[in-house]
Amino acid sequence: MTYDNQNIFAKILRGEIPAIKVYEDERTLAFMDIMPQADGHTLVIPKVPATTLLDLPADDAAYTIQIVQKVARAIEKALDTKGIVLMQLSGEAAGQTVPHVHFHLVPSSIHDMRQHAAQMGDQDKIKALAEKIKQAL
Ligand code: 5GP
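Residues numbered from 1 in each chain as written. Predicted model: local features only at pLDDT ≥ 70, side-chain atom pairs only at ≥ 80, totals over all residues. Heavy atoms only, no water.

Asker: Please set out the layout of surface pockets residue by residue, giving values where relevant.
Answerer: Once rolled over the atoms, a probe with the size of a water molecule shows which space is left empty. Within this model, the largest pocket holds a volume of roughly 410 Å³. Taken together, 25 residues form the lining of the largest pocket, with Phe9, Phe31, Asp33, Ile34 and Leu43 sitting closest to its centre. Listing elements by their share of the lining of the largest pocket, those giving two or more residues are helix H1 (8-13), strand E2 (28-32) and helix H3 (123-136). The dominant element in the lining of the largest pocket, judged by the number of residues it contributes, is H1, at three residues. A breakdown of the residues in the lining of the largest pocket according to their chemical character gives 16 nonpolar, eight polar and one charged. In this structure, the second largest pocket occupies an estimated 170 Å³ of space. (1 Å grid on protein atoms, 1.4 Å probe; cavity = no way out; pocket = protein on both sides within 12 Å on 5 of 7 lines; lining within 4 Å. Points joined across faces, edges and corners; volume = space filled by probe spheres on them. Helix = DSSP H or I, 4+ residues; strand = E, 2+ residues; numbered from the N terminus. Nonpolar A, V, L, I, M, F, W, Y, C, P; charged D, E, K, R; others polar.)

Following this line, the structure appears as structure tokens:
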């Protein structure tokens, strides 16, 4: 699929719009979701331009999932959560709204999560949660 380099996550990666970051290395970025489905909702993205999971080169997929695991551990430690939902919407038909592949880490239960991309979170609260997660990394 053709990659749209004007998508919001591409802009975050280029530093054109801000994000509350928790982790970054040369291949991945983890940052807080602006409309969290639970406190601590974090997104992990590979830096390579790929729209869906199916567009992601296998070695980037393998690397990114290791960072997903690393951030999940930090979330669990920082927020003392009992479980984390790992969610990946691949393609508009699945409900994907931002066309740069990303992994959602939602510290909640599938039965309790708030609606997807529906309501802006409290930015100060999100920043405080991000600090805790960063410290646990
Ligand atoms: P998708 O529907 O593509 O799986 O998920 C996109 C996610 O990105 C949603 O959970 C939505 O809340 C989040 N999101 C949308 N725009 C922004 C933004 O500008 N910044 C951040 N940090 N998250 C965003």
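Asker: Quick one: what's the story with the pattern of salt bridges, residue by residue and with numbers?
Answerer: Inspection of every chain in the model, using the stated rule, returns eight salt bridges. Between Arg27 and Asp60 there is a salt bridge, with the nearest N and O atoms lying 3.3 Å from each other. One end of the pair, Arg27, is in the loop between strand E1 (21-24) and E2; the other, Asp60, is in helix H2 (residues 58-79), with 33 residues separating them in the sequence. Of the charged contacts in the structure, one is a salt bridge between Glu131 and Lys134, with a shortest N-O distance of 3.2 Å. Of this pair, Glu131 and Lys134 both sit in helix H3, separated by three residues, roughly a single helical turn. (Salt bridge = Lys/Arg side-chain N within 4 Å of Asp/Glu carboxyl O.)

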